[in-house]
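Inside the fold
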Amino acid sequence: QVQLVESGGGLVQAGGSLRLSCAGSGRTFDAYSMAWFRQAPGKEREFVAAIAWTGTGTYYAGSVKGRFTISRDNAKNTMYLQMRSLKPEDTAVYLCAATNIYPTPSGRQYDYWGQGTQVTVSS
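In this report, we go over the structure that sits alongside the text. (Residues numbered from 1 in each chain as written. Predicted model: local features only at pLDDT ≥ 70, side-chain atom pairs only at ≥ 80, totals over all residues. Heavy atoms only, no water.)

Turning our attention to the overall build of the chain. Each helix and strand counted, the chain has zero helices and 11 strands in total. Starting at the N terminus and ending at the C terminus, the chain contains elements arranged as β-β-β-β-β-β-β-β-β-β-β. Here the C-alpha atoms of the chain give a radius of gyration of 13 Å, agreeing with the 14 Å that 2.2 N^0.38 yields for 123 residues. Taking the principal axes of its C-alpha atoms as reference, the chain extends roughly 40 × 25 × 25 Å. The buried share among the 123 residues of the chain stands at 44%. (Helix = DSSP H or I, 4+ residues; strand = E, 2+ residues; numbered from the N terminus. Rg over C-alpha atoms; globule rule 2.2 N^0.38 Å. Buried < 20%, exposed > 50% of the residue type's maximum accessible area, 1.4 Å probe, protein only.)

What follows concerns the sheet that holds strand β8 (residues 78–83). If you trace the four strands from one edge of the open sheet to the other, you get β1-β3-β8-β7, paired in antiparallel fashion. Where the open sheet ends on each side, the last strands, each with one partner, are β1 (4–7) and β7 (68–73). Going from strand to strand, the sheet's axes swing by 15° on average, the running direction of each strand aside. Strand direction decides the pairing type here: β1 and strand β3 (residues 18–24), joined by four bridges, are antiparallel. (Pairing = 2+ DSSP bridges. Axes fitted to C-alpha atoms, helices over the stretch in contact; angles between N-to-C directions.)

The topology assignment puts S21 in strand β3. Setting aside anything within four residues of it in sequence, one finds S21 in contact with V5, E6, S7, W36, T78, M79 and Y80. (Contact = heavy atoms within 4.5 Å.)

On inspection of all chains with the given rule, the structure shows one disulfide. C22 shares a disulfide with C96; S-S distance 2.1 Å. An S-S torsion of about 60° defines the bridge between C22 and C96 as right-handed. One end of the pair, C22, is in strand β3; the other, C96, is in strand β9 (residues 92–99), with 74 residues separating them in the sequence. (Disulfide = S-S within 2.5 Å.)

Our focus in this paragraph is the pattern of salt bridges. All chains considered together, the criterion is met by three salt bridges. Where D90 meets R38, a salt bridge forms, and the shortest distance between an N and an O atom there is 2.9 Å. Of the two residues, D90 sits in the loop between β8 and β9 while R38 sits in strand β4 (residues 33–39), which places them 52 residues apart along the sequence. Note on D90: relative accessible area 0%, which makes it buried. On the accessibility criterion, R38 (5% relative accessible area) is buried. Salt-bridge contacts for R67 lead to D90; the nearest nitrogen and oxygen are separated by 2.8 Å. Separated by 23 residues along the polypeptide, R67 in the loop between β6 (58–60) and β7 and D90 in the loop between β8 and β9 bring together distant segments of the chain. Of the residues examined, R67 reaches a relative accessible area of 10% and is grouped as buried. Each of the salt bridges in this network shares a partner with another, and the network as a whole consists of R38, E46, R67 and D90. (Salt bridge = Lys/Arg side-chain N within 4 Å of Asp/Glu carboxyl O.)

The structure is reproduced here in structure tokens:
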């Protein structure tokens, strides 16, 4: 029912900023809770942030809290991740995901996934 496409990744220097976008298809986009995950080479997939379907509840991993901001614009069927004060350890493929129940940090709860967008932070 929902197809997701990430964009906005790229190469930035440490301390820089980047905004990722996740565009979704479907007329019921606003009925889904959304999340960002990331996976670095040789590491397991890691929860980054999530936002409830209402847009009023947001959740962050401790490693990004205070630096990243998740938001959504249901009218545009788009979710965003504003990334600030980027660190080399933020380097990873960032994936967006959607669930029709509720947001959790577990990837098992998500029904739909994008293909990922690469973020590389140089030192």
